[in-house]
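Structural characterization, general
Take a look at the letters that make up each chain.
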Amino acid sequence: MSDKQDSKNHPQCPLCEKPMAAEFKPFCSKRCKDVDLNRWLSGSYAIPSNEIGAPEDEEF
Ligand SMILES: [Zn+2]
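1. Some thoughts on the overall build of the protein chain
A tally of regular secondary structure across the protein chain gives one helix and zero strands. A total of 60 residues make up the protein chain; the buried ones form 7% of that total. Long-range contacts, defined as pairs at least 24 residues apart, comprise 3% of the intrachain contacts of the protein chain with a sequence gap of at least 6. Accessible surface, the protein chain as shown: approximately 6,100 Å² in total, 52% of it carbon and sulfur.

See the structure below:
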């Protein structure tokens, strides 16, 4: 329990949970903003690859 973390009055960066900066809303810094942007972009490009048959060499 932590009463100090009142995100209602103090918006936090969704990435690192630091105090939000109005300039980079809703993030705390340009860095986090870029991270989220890259994550979003890569997410749209990336192909969900679960298991592509891992090559297993079993030589006894
Ligand atoms: Zn952040």
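2. So, a negative patch on the surface
Together, E56, D57, E58 and E59 give the surface a local cluster of negative charge. Counting through the fold element by element, E58 comes out in the segment after α1 (30-45).

3. Section: the pattern of salt bridges
It is possible for side chains bearing opposite charge to pair when their charged atoms get close. Inspection of every chain in the model, using the stated rule, returns one salt bridge. A salt bridge links K30 to D34, with the shortest nitrogen-to-oxygen separation between them at 3.0 Å. You can see K30 and its partner D34 sitting in helix α1, four residues apart, about one turn around the helix.

4. Side note on the coordination of the zinc ion
Distances from the zinc ion to its protein donors, C13 (SG), C16 (SG), C28 (SG) and C32 (SG), fall within 2.2 to 2.3 Å. Angles of 99 to 119° at the metal separate the four donor atoms of the zinc ion, which places the site in the tetrahedral class. Among the residues examined, C32 registers a relative accessible area of 11% and is labelled buried.

5. Topic: the environment of L15
Considering the arrangement of structural elements, one finds L15 in the segment before α1. Sequence separation of L15 and F27 is twelve residues, and the distance between their C-alpha atoms is 7.5 Å. Each residue touching L15, except ones within four places of it in the same chain, is listed here: F27, C32, V35, D36 and R39.

6. Considering the environment of D36
Mapped onto the elements of the fold, D36 is located in helix α1. Ignoring any residue separated from it by four or fewer positions in sequence, one finds D36 in contact with L15 and F27.

So, how was this worked out
Residues numbered from 1 in each chain as written. Predicted model: local features only at pLDDT ≥ 70, side-chain atom pairs only at ≥ 80, totals over all residues. Heavy atoms only, no water. Helix = DSSP H or I, 4+ residues; strand = E, 2+ residues; numbered from the N terminus. Buried < 20%, exposed > 50% of the residue type's maximum accessible area, 1.4 Å probe, protein only. Contact = heavy atoms within 4.5 Å. Areas by Shrake-Rupley, 256 points an atom, 1.4 Å probe, with all protein chains shown as cover. Patch = residues over 30% accessible without salt bridge, like charges linked within 9 Å, V, L, I, M, F, W, Y side chains within 5 Å. Salt bridge = Lys/Arg side-chain N within 4 Å of Asp/Glu carboxyl O. Lys, Arg positive; Asp, Glu negative; His and termini not counted. Charge placed at Lys NZ, Arg CZ, Asp CG, Glu CD. Donors = N, O, S within 2.8 Å, 3.2 Å for Na, K, Ca; no water. Tetrahedral: all angles 85-135°; square planar, octahedral: opposite > 155°, others 65-115°.

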